[in-house]
Structures are given as structure tokens and as C-alpha cells.
Amino acid sequence: HCTSCNHKLNFWDLIPVWSYLFLGGKCRYCKDKIRSRYILLEIFSGLAFVVIAYNLKISAYSTLLELINLFIIYLFFCALYIIGGIDKETYEIHNGTLIYGIAISLMYGLFNAIFYNKYMTMNLIGFIAIPLFLLIVICLLKNLGKDPNRIIGFGDIKYIAMLGLFMGFSMQLLSIILAVFIATFVALIKRKKEIPFGYYLSISSVILIVFAPYLTSLVELMDVTFIL
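Residues numbered from 1 in each chain as written. Predicted model: local features only at pLDDT ≥ 70, side-chain atom pairs only at ≥ 80, totals over all residues. Heavy atoms only, no water.

1. Considerations on the overall build of the protein
Stage number 1. Helix and strand counts for the protein stand at 9 helices and 0 strands.
Stage number 2. For the protein, the α and β elements follow one another from N to C terminus as α-α-α-α-α-α-α-α-α.
Stage number 3. Across the 228 residues that make up the protein, the buried fraction comes to 39%.
Stage number 4. Of the contacts made within the protein by residues no fewer than 6 positions apart, 66% connect residues no fewer than 24 positions apart.
Stage number 5. Of the roughly 14,300 Å² of accessible surface on the protein, 69% is carried by carbon and sulfur atoms.
Stage number 6. Of the charged side chains in the protein, 18 are positive and 12 negative, and the gap between their average positions amounts to 7 Å. (Helix = DSSP H or I, 4+ residues; strand = E, 2+ residues; numbered from the N terminus. Buried < 20%, exposed > 50% of the residue type's maximum accessible area, 1.4 Å probe, protein only. Contact = heavy atoms within 4.5 Å. Areas by Shrake-Rupley, 256 points an atom, 1.4 Å probe, with all protein chains shown as cover. Lys, Arg positive; Asp, Glu negative; His and termini not counted. Charge placed at Lys NZ, Arg CZ, Asp CG, Glu CD.)

Shown next, in the form of C-alpha cells:
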């Protein structure tokens, strides 16, 4: 629906990029201006989808399994965009979207385990280890009379668990580190005390998944180091 007049939008109002351009950046019904961030999101998400397909060497000769693998990644990307967008606007991460992301992550892990013999060990570690550590930190801060929400919210921890289940422990850790750097930089520039960390986790995760082929050696080294 339109965020100004709440009119339910039709299919032809929601065609990525084209609808925004055709409508002149305005709502068809109330003529109020549509935020430019919508078309920017559509453009950059489309570019990310193209790059991922290129990285996976998708072509007209790709097998059905390769296309299914690509489609599942696209579905996960949708979760990243939705969670990041909502968190940026409301500072909340909804359980419904997290459940969707976890379901896609499990589907992706089982798909790779069955057809590509890739075990979910590091994914399950990512799903449990860092979130559990953060929960322990929150409990300690509460016992010390500190407010843990100033550091990280419970919704962020659940989001981090979802990322670990899909990306694996090492990629999850890299995503958190990159998100902290980006969020800190933005907070210093804008002088903000409160930041939507889930939004920056989405940005860092998209970047890492897009550039995953160039991080393979680093991720494998981190996995081995952690296991040892």
C-alpha cells in the first residue's frame, strides 16, 4: 500500500524500477512523492542478483540444481532486504521475517547437504555459538545493572543466529565485524546514539555474499582455525 494514502497497490504499481519511472516517482492515487530510496533499493538489489548469478556461472546451459541453488539464495536476499528496511524505519526486527529467513536457511543447508555433500556443521555452530555468547553477555550486563539494549537488542541476536545458519560461522563473524565498522562510521558522522544494527547487518551480509568467491580462502582458514 501507499505509505501516504494507504491505497492498496496493484501489480502494475509494483514492477521494479519501471513502475517508479512510469509514474514519475509519484503515487498513482494520491500523487504524493515516492521516496527515491525505493528505486535505489530495486536497482542495487537487481545488480546484486546479476552479480550472484555471474559468480555462480549461471547460463542457459545451467542445470536445474544450479538454478534452484540460485533461487534459494535470492529468497534469502529478500529476507535481508526486508529485515534491513524494517529495522531502519522502526528499529524492530519482526519474528515473522526471521522465521522466513530461518526456513530458507534450513532449506539451503539441506539442499547443499543432499546434492553437494556440504555438511551444515559450521552453519549450526554459527546458529548457536555467537548468539549464545551474546545472550551470556546480556545476562552479565543485567546483573551488573547495565542496560544491554545500548549495545545490542534481542532481535539483533536472533537475526545474527539466522545469518549464521545460512552463511556459516566464519562468514557470520565477518558480517558482524563489517556491520560494526559501518555502523560506527555512520554513528560518528551523524552523531547518533542509537542505530538500527539489523540494517547494517543486512548491508554487510549482502556485500559478503556478493563477494563470497573472493573470500573463500579466508573463510576456509577461519573455519579450520576455529575447529582446531
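So that's the structure; there's more coming.
2. Quick look at the nonpolar core
Stage number 1. Judged by nonpolar contacts, the single largest core of 46 residues is most densely connected at F77, L80, Y159 and M162.
Stage number 2. Elements supplying a minimum of two residues to this core: α2 (36-55), α3 (64-90), α4 (95-116), α5 (121-143), α6 (154-167), α7 (169-190), α8 (197-210) and α9 (216-227).
Stage number 3. A total of 9 residues in this core trace back to one element, the largest contributor, which is α3.
Stage number 4. If we skip the residues at most four places from it in the chain, M162 touches F76, A79, L80, I83, L98, G101, I102, S105 and F127. (Core = buried A, V, L, I, M, F, W, Y, C linked by side-chain atoms within 4.5 Å.)

3. A word on the packing of aromatic side chains
Stage number 1. Tallying each qualifying case throughout the model produces 10 aromatic pairs.
Stage number 2. The interplanar angle of 65° and the centroid separation of 5.9 Å between the aromatic rings of F49 and F77 together place this pair among those described as edge-to-face. Residue F49 is located in helix α2, and its partner F77 is located in helix α3; the two are separated by 28 residues in the primary sequence.
Stage number 3. For R37, the ring lying beneath its charged end belongs to Y38, and the centroid distance is 4.7 Å. (Phe/Tyr/Trp six-rings, centres within 6.5 Å; stacked < 30°, edge-to-face > 60°. Lys NZ or Arg CZ within 6 Å of the ring centre and 35° of its normal.)

4. Digging into unusual backbone geometry
Stage number 1. Unlike most non-glycine residues, V17 shows phi in positive territory, near 65°.
Stage number 2. Position of V17 relative to the elements: it lies in the segment before α1 (18-22).

5. Some words on a nonpolar patch on the surface
Stage number 1. A cluster of nonpolar residues, F127, I128, L132, L135, I136, L140 and F154, forms a patch on the protein surface that exposes about 640 Å² of accessible area.
Stage number 2. Top contributing element to the nonpolar patch by residue count: α5, with 6 residues. (Patch = residues over 30% accessible without salt bridge, like charges linked within 9 Å, V, L, I, M, F, W, Y side chains within 5 Å. Salt bridge = Lys/Arg side-chain N within 4 Å of Asp/Glu carboxyl O.)

6. So, the environment of Y119
Stage number 1. Structurally, Y119 is set in the loop between α4 and α5.
Stage number 2. Put simply, Y119 and G109 are 10 residues apart on the chain and 7.7 Å apart in space, counted from C-alpha to C-alpha.

7. Quick word on the confidence of the model for the protein
Stage number 1. Predicted confidence across the protein gives a mean pLDDT of 88, with 96% of residues reaching 70 or more.
Stage number 2. Looking over the protein, one finds the lowest element-wise mean pLDDT in α9, namely 74, and the highest in α4, namely 94. (pLDDT = per-residue confidence, 0-100.)

8. A closer look at the pattern of salt bridges
Stage number 1. The full count for this structure, using the stated rule, is 3 salt bridges.
Stage number 2. One salt bridge in this structure joins D13 and R28, with 2.7 Å as the shortest N-O distance. Here the residue D13 occupies a position in the segment before α1, and R28 occupies one in the loop between α1 and α2, the gap between them amounting to 15 residues.
Stage number 3. For the salt bridge of E89 with R37, the shortest nitrogen-to-oxygen distance reads 3.0 Å. Of this pair, E89 sits in helix α3 while R37 sits in helix α2, placing them 52 residues apart in sequence.
Stage number 4. Judged by its relative accessible area of 30%, R37 falls in the partly exposed class.
Stage number 5. One network of salt bridges, in which partners are shared, links R35, R37 and E89.

9. Description of the packing of α5 against α6
Stage number 1. For the pair α5 and α6, the least separation of the axes is 6 Å and the interaxial angle reads 160°. The pairing of α5 with α6 is recorded here as roughly antiparallel in orientation. For the element pair α5 and α6, the recorded crossing hand is right-handed. On the side of α5, the interface is formed by M122, N123, L124, G126, F127, I130, P131, L134, L135 and I138, while α6 contributes F154, I157, I160, A161, M162, G164, L165, F166 and M167.
Stage number 2. Classifying every residue of the contact of α5 with α6 gives 16 nonpolar, 3 polar and no charged. (Axes fitted to C-alpha atoms, helices over the stretch in contact; angles between N-to-C directions. Parallel < 35°, antiparallel > 145°, perpendicular 65-115°, else oblique. Left-handed = near helix turned anticlockwise from the far one by under 90°. Nonpolar A, V, L, I, M, F, W, Y, C, P; charged D, E, K, R; others polar.)

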